[in-house]
Amino acid sequence: MASRALNDDEVLNEMNKMVAFIKQEALEKAREIRVKADEEFAIEKAKLVKQEQQAIDAQYDKKRKGAEVAQKIAQSTLTNKSRLKLLHRREEHLQDLFSTARNSVASLAQKEDKYVEFLQGEIVQAFLQMLEPSATIHSRKSDVEVVKKAAGEAAKQYKEISGRDIEFDVEGTLSDDSAGGVTLISGSRRITLDNTLDERLRLLEDRMLPEIRKDLFGANENRKFYT
Amino acid sequence: MAAQQSQGIQTLLEAEKEAAKIVQQARQYRVQKLKDARTEATKEIEEYKKAKEQEFKSFEASHAGTTSNAQTAVDKETEVKLQEITDSYNKNKDAVVTKLLDRVVLVKPELHRNLKKVGA
């Protein structure tokens, strides 16, 4: 430390040195602050941008997935519609076939011998189904005579097959619009058996559907199980 | 002498003031920088979003194209199959009608399998 008082020049000198020092310190501090500020700026900006980018990405991913799902749904709907069209067409053809058959059934009653043979057979079948001691046979008015004869033979055949007797009488109650065949009603009038040609055809339509399908359209390629 | 001293102190005080100003400026710079970070980030985000939107729109456009293609392809296939069905039907219907009608009059009278013939 000075041992004597400073003269004016030295005072000024010291003064300036101190002022310079203060300024220097301030500048350094300011520089530090600026550098840190730049760093923080970069970090903060990157953080914000990344955050939002992630959110946006997630959003668009969802949108995209939604669009993909919608497309899959549309495709599936198309396939389904197509299948329905095919089924519809098959059904139309089937109905056409059945109405053709129904219109032709009446002709089965035309051929005399075959018709009588058929009547006898179906009356026996009816007897065997009912297993009653008596029955009334209803037929078309035009068939009454033929049916009486056939029923007589049928009763004999019935006795032969089952060992049972049956009494019957014939009534011409069916309308002539019917295609033919007979209906039986048991003696106690509790059991009715419709064995007319129309009814037989109807039952066949139902029971033969798998076979008809195969004959008309070919076997089902997708089917795996057959009993 | 006292006047000199107070002048010296004055000078130092002014130097301090200047120093404080310098530091203050730096601090203001910092504050401004943080604000800038926000606004610049927002700008970048907007651009990113626009780019993503573009991407998505083009994806949608391409997929709309595939949908209509799929539609026409399926329709064509369906038409072919429909025609096959009708052709097959026309080929086989007479045979089937005949089969049906034959079975209508086919009778096989049988005694029920659980029953026995009653002794004559």
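Residues numbered from 1 in each chain as written. Chains lettered and ligands numbered in written order. Predicted model: local features only at pLDDT ≥ 70, side-chain atom pairs only at ≥ 80, totals over all residues. Heavy atoms only, no water.

Under the annotation held in an unreviewed UniProt entry, chain B carries the name V-type proton ATPase subunit G and is attributed to Crucibulum laeve. Looking at the Subunit (unreviewed entry) heading of the UniProt record, one finds this comment for chain B: "V-ATPase is a heteromultimeric enzyme made up of two complexes: the ATP-hydrolytic V1 complex and the proton translocation V0 complex." (UniProt positions renumbered as here; feature names shortened; annotations may be inferred.)

In the annotation of an unreviewed UniProt entry, chain A is listed under the name ATPase, V1/A1 complex, subunit E and assigned to Crucibulum laeve. Recorded in UniProt under Sequence similarities (unreviewed entry), the annotation for chain A is "Belongs to the V-ATPase E subunit family."

J.: Let's hear about the interface of chain A and chain B: which residues, and what values?
T.: Between chain A and chain B, the contact holds 71 residues from the first and 64 residues from the second. One can count nine salt bridges joining chain A with chain B. There are 24 residue pairs in polar contact (both at pLDDT 80 or more) connecting chain A and chain B. Put simply, the parts of the chain that give the side of chain A that touches chain B at least two residues each are α1 (8-105), α2 (112-130), α3 (144-162), α4 (197-207) and α5 (209-217) of chain A. For the side of chain A that touches chain B, the element with the highest residue contribution is α1(A), accounting for 46 residues. (Contact = heavy atoms within 4.5 Å. Salt bridge = Lys/Arg side-chain N within 4 Å of Asp/Glu carboxyl O. Polar contact = N/O pair within 3.5 Å; in protein donor to acceptor, adjacent residues only side chain to side chain. Helix = DSSP H or I, 4+ residues; strand = E, 2+ residues; numbered from the N terminus.)

J.: Would you mind going over the UniProt feature "coiled-coil region" (unreviewed entry) in chain B in detail, with residue names and values included?
T.: Taking the UniProt record as the reference, the feature "coiled-coil region" (unreviewed entry) is found at residues 12-54 of chain B. Taken end to end, residues 12-54 of chain B has its terminal C-alpha atoms 63 Å apart, with 100% of it in helix and 0% in strand.

J.: Can you explain the environment of Thr100(A)? Please cite residues and give values.
T.: Within the secondary structure layout, Thr100(A) lies in helix α1. Separated by 10 residues in the primary sequence, Thr100(A) and Arg90(A) have C-alpha atoms spaced 15 Å apart.

J.: Please give an account of the sheet that holds strand β1 (residues 134-140) of chain A that cites residues and values.
T.: Residues and elements named next belong to chain A. Strand order in the open sheet formed by four strands is β2-β1-β3-β4, with mixed pairing between adjacent strands. On the outer flanks of this sheet lie β2 (167-174) and β4 (192-196), each paired with one strand and no other. Within this sheet the neighbouring strands show an average axis-to-axis angle of 20°, counted without direction. Direction of pairing for strand β3 (residues 181-186) relative to β4: antiparallel, over a ladder of five bridges. Looking at β4, one finds that Thr-183 is bridged to Asp-194. α2 rests against β1, β2, β3 and β4 of the sheet, and its axis sits at about 25° to β3. Packing of α3 onto the sheet brings it into contact with β1, β2 and β3, and relative to β2 it is tilted by some 155°. (Pairing = 2+ DSSP bridges. Axes fitted to C-alpha atoms, helices over the stretch in contact; angles between N-to-C directions.)

J.: Could you give me a rundown of the packing of aromatic side chains, with the residues and numbers involved?
T.: The tally for this structure, following the rule as stated, stands at five aromatic pairs over all chains. One aromatic cluster in this structure is built from Tyr60(A), Phe56(B) and Phe59(B). Seen from the ring of Phe59(B), Arg64(A) lies directly overhead, with NZ or CZ sitting 4.3 Å from the centre. Cation over ring: Arg90(A) sits above Phe217(A), and NZ or CZ is 5.7 Å from the ring centre. (Phe/Tyr/Trp six-rings, centres within 6.5 Å; stacked < 30°, edge-to-face > 60°. Lys NZ or Arg CZ within 6 Å of the ring centre and 35° of its normal.)

J.: Hey, could you go over the side chain of Asn195(A) for me, with residue numbers and the actual values?
T.: Residues and elements named next belong to chain A. Relative to the helices and strands, Asn-195 resides in strand β4. Given a relative accessible area of 6%, Asn-195 falls into the buried group. In terms of polar contacts, Asn-195 uses its side chain to reach the side chain of Gln-125, at 3.5 Å. Of note is the side chain of Asn-195, whose polar atom sits 3.0 Å from the side chain of Arg-200. (Buried < 20%, exposed > 50% of the residue type's maximum accessible area, 1.4 Å probe, protein only.)

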